[in-house]
Amino acid sequence: MSEPTTIVHIVDDDPSFLVAVARMLRASGFVVKTFASAAEFLAQPELDVPGCVLTDLQMPRVSGLDLQEALAKAGHRIPVVFLTGRGDIPASVHAMRHGADDFLTKRAPKQKLLEAVNRALVRDARERAERARVQRLRARFEVLTEREREVLQHVLRGQLNKQIAADLGIHERTVKLHRTAITTKLRVSSVAELTKLWLESGGSDG
Amino acid sequence: MQASFLLIIIFAIDAAHTAAKRSGLRRPWVLGGLTAMGFSLVLVSYELYARGILPSTFSSQLFLLLILLMGYELSLDVLRAGQLSRDLLESQQRMRLAANAADLSLWEWDIVRDEIWVTEKGRERTGIGASERIDFARFLQAIHPDDSEQTQQAVRHSLEDSGELESEYRVVARNGATRWVVARGQVERDADGKPVRLRGVSVDITQRKRAEQELAQSRNELAHIARVSTMGELAASVAHELNQPLGAILRNAEAAELFLQAPSPDLEEVRAILTDIRADEARAGAVIDRIRSMLKLREIEHTPLDLKLLAGEVVNLVRPEAEARKIQLALEPGSPPPLVRGDRAQLQQVLLNLLLNAMDAVNYSPNDRRRVSVCVRTAGSQVEAAVSDTGDGIPADKVAHVFESFFTTKPNGLGMGLVISRNIIKAHGGSIHWQNNPAGGATFCATLPVAEKENGP
């Protein structure tokens, strides 16, 4: 399976700006897809692709902020870069404190725009890698049996075998066997390592 | 015996006289006179009897007659008292009815005993219990803290000086609602001129106060809208409409540069880009043309105008805002200037603009240096309206730019107000000039020619 292509999704209701910015980004080496409205973008069958969104802030019906909100609600954590034709940037920036990745005017210098897009793509790649890693770590825990997971919870709480045996109503020797199975399956050698692995996988419950 | 009778007669007459003087009624005279007459008759009959002229003294018959007469007089009195008390009750009821209908509460402050009597309505209004004793201190407690000092002053003034009380204040009613009340009263003094009683009525004026506040607010909004709608909105929409095609032109130019850097440039693509750039340039040009036609002054409606009256209207318009910003705003007095000819709305806009600029100029001045004054006067064949402020004036390095578009000294200014104002005045055949005042601040002066008489010079 080859790495999926990184795509810059451009959303703008102004056709001439849409075409122009797509041309420039394409000429700069990016793969772009253009959309005339937020609705058109959201209607795509596959949204979870590597890349970023470059969207106009002021659009009729669904604005750039609405688009960002819709993406967040659907669980897509793709970075969003906003472009605005208005001059009142300080006010808009203030309004966007809640999570815009970048914010530029439509007449920002090319360098600024390319930097912003690159930053967004790097962030997306990093976050994707991180999500994939956590996913892999979680998968490791999945090989444990129900009982082993139960024992694991007690071990993570720092309990001694005797206590665990009493709590679960099983023999202390059985607890030892479970512990051995857990460390073998997870390929860890100490409780410290086990705890670290658990935390990195974002685990909090059994 | 005779001497003592004489004394009684004299005493009765004196008593009747005194009583009549005090009450001005007929009754003391009737009673006193009858008593005196009765005793005189007894005295005379005794004398006659003593001399053997009369067979007996008739004294018992005389006294009976006297008592009958006195009884009649007194019964009249009782009847009259009954009538009076009925009248009093009725008049009290009428008064209460009228007071309730007019939403009045009646009150009376016995200053000597420091006790306040007030109708139920007044107690309800001030949140004071129905049987609670009220003295002046308790009354003050019922008043909104912000109005307490000013009410005390009004009362003090009425007691010491005018004898008349008028004070507006807020009270908190039993149901927790804050109401505005006006109290009007009159001081009653004793023979030495010492105030003994303050009596009056209170009326709920919440409705009126609310209307006043709404009016002030709508004036503020009007002044705000006049400015924001013409300047701010315009600027923002201009920026948006121009940035769109300009942004497209920029991106297209950047793309073309990148295409041309390629080893074998795609000239077809570059040609398409150039076509798009032309289209966007036309779009930007259309936006500018539209704005220009928007800013172009519409046909001026020439009507004869009193610039001073107009200035007064605008001053009143911004007064609430000036007060809120603790700026002293004054229209200098003087004789009415000759009329000018012009467009009322446009000239109002100019005056409003100059006033708001002046008010912004003193915004950061200390409280005693926050003054804006407007002076309308005749200068030869011209009428000039001068707006002076006590701010910092125009700094020397900015002097050349005052009338330039987008020049501003304010953090949120757009620099269009004076440009538009000058255009309006120019179109009226006048001019705007300005100077820094020797004592600080600046004066902006709009000058317009005096209107020619309809029937020629």
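Residues numbered from 1 in each chain as written. Chains lettered and ligands numbered in written order. Predicted model: local features only at pLDDT ≥ 70, side-chain atom pairs only at ≥ 80, totals over all residues. Heavy atoms only, no water.

1. Regarding the overall build of chain A
Within chain A one finds nine helices and five strands. Reading the secondary structure of chain A in the N-to-C direction produces β-α-β-α-β-α-β-α-β-α-α-α-α-α. Put simply, of all contacts in chain A between residues at least 6 apart along the chain, 61% involve residues at least 24 apart. Just so you have it, chain A exposes about 11300 Å², and 55% of that area is on carbon and sulfur atoms. (Helix = DSSP H or I, 4+ residues; strand = E, 2+ residues; numbered from the N terminus. Contact = heavy atoms within 4.5 Å. Areas by Shrake-Rupley, 256 points an atom, 1.4 Å probe, with all protein chains shown as cover.)

2. Looking at the sheet that holds strand 11 (residues 431-436) of chain B
Residue and element names in this part refer to chain B. Strand order across the open sheet formed by five strands is 7-9-10-12-11, with mixed pairing between neighbours. Both outer strands of the open sheet, strand 7 (328-331) and strand 11, are each paired with one neighbouring strand and no more. When the angles between neighbouring strand axes are averaged without regard to direction, this sheet yields 15°. Pairing geometry for strand 11 and strand 12 (residues 442-449), over six bridges, is antiparallel. When the bridges of strand 12 are listed, I432 appears paired with A446. Packing of helix 10 (residues 344-361) onto the sheet brings it into contact with strand 7, strand 9 (371-379), strand 10 (382-389), strand 11 and strand 12, and relative to strand 10 it is tilted by some 25°. (Pairing = 2+ DSSP bridges. Axes fitted to C-alpha atoms, helices over the stretch in contact; angles between N-to-C directions.)

3. Observations concerning the packing of aromatic side chains
This model, assessed by the stated rule, comprises six aromatic pairs over all chains. Judged by centre distance (5.1 Å) and plane angle (80°), the ring pair of F35 of chain A and F41 of chain A falls under edge-to-face. Looking at F35 of chain A, the relative accessible area reads 6%, which means it is buried. Here F136 of chain B and F139 of chain B contribute two aromatic rings whose centre-to-centre distance is 5.8 Å and whose plane-to-plane angle is 40°, an arrangement assigned as tilted. Of the two residues, F136 of chain B and F139 of chain B are both situated in helix 5 (residues 136-142); the distance of three residues between them amounts to about one turn of the helix. On the accessibility criterion, F136 of chain B (16% relative accessible area) is buried. Its relative accessible area of 16% is what places F139 of chain B among the buried residues. One aromatic cluster is present, built from ring pairs that chain together W109, F136, F139 and Y169 of chain B. (Phe/Tyr/Trp six-rings, centres within 6.5 Å; stacked < 30°, edge-to-face > 60°. Buried < 20%, exposed > 50% of the residue type's maximum accessible area, 1.4 Å probe, protein only.)

4. Let's talk about the confidence of the model for chain B
A low pLDDT means the predicted coordinates there should not be read in detail. Taken as a whole, chain B shows an average pLDDT of 81; of its residues, 83% reach a score of 70 or greater. As scored by the predictor, the complex reaches a pTM of 0.44 and an ipTM of 0.74. (pLDDT = per-residue confidence, 0-100.)

5. A short note on the packing of helix 10 of chain B against helix 11 (residues 417-427) of chain B
Residues and elements named next belong to chain B. Closest axis-to-axis distance for the helix 10/helix 11 pair is 9 Å, and the angle between their directions is 145°. Taken as a pair, helix 10 and helix 11 cross one another with a handedness that is left-handed. From helix 10, Q346, L347, Q349, V350, N353, L354 and N357 reach across to helix 11, where they touch G417, L418, I420, S421, I424 and I425. The residue inventory of the contact of helix 10 with helix 11, partitioned by class, reads seven nonpolar, six polar and no charged. (Left-handed = near helix turned anticlockwise from the far one by under 90°. Nonpolar A, V, L, I, M, F, W, Y, C, P; charged D, E, K, R; others polar.)

6. Details of the nonpolar core
If you look at the biggest cluster of nonpolar residues, it comprises 40 residues, and the most contacted ones within it are L307, L347, L355, V372 and F444 of chain B. Looking at this core, the elements that each hand over two or more residues are helix 9 (307-324), helix 10, strand 9, strand 10, helix 11, strand 11 and strand 12 of chain B. When residues in this core are grouped by element, the largest group, nine residues, is from helix 10 of chain B. Not counting the four nearest positions on each side in its chain, L307 of chain B is found in contact with V340, L347, V376, V383, A385 and L448 of chain B. Within the second largest apolar cluster, 32 residues are counted, among which are F30, L104 and A108 of chain A together with F259 of chain B. (Core = buried A, V, L, I, M, F, W, Y, C linked by side-chain atoms within 4.5 Å.)

7. Section: the side chain of S202 of chain B
Mapped onto the secondary structure, S202 of chain B falls in strand 5 (residues 195-204). Discounting residues that sit within four places of it in the chain, S202 of chain B has contacts with D103, L104, S105, W107, R125, Y169, V181, V182 and A183 of chain B.

8. Thoughts on the pattern of salt bridges
All names here are of chain B. Considering all chains together, one arrives at 35 salt bridges over all chains under this definition. Linking E168 and K209 is a salt bridge whose minimum nitrogen-to-oxygen distance equals 3.0 Å. Of this pair, E168 sits in strand 3 (residues 164-172) while K209 is found in helix 7 (residues 206-261), placing the two residues 41 residues apart along the sequence. With relative accessibility at 21%, the residue E168 sits in the partly exposed group. The closest approach of N and O atoms between R208 and E212, which form a salt bridge, is 3.2 Å. (Salt bridge = Lys/Arg side-chain N within 4 Å of Asp/Glu carboxyl O.)

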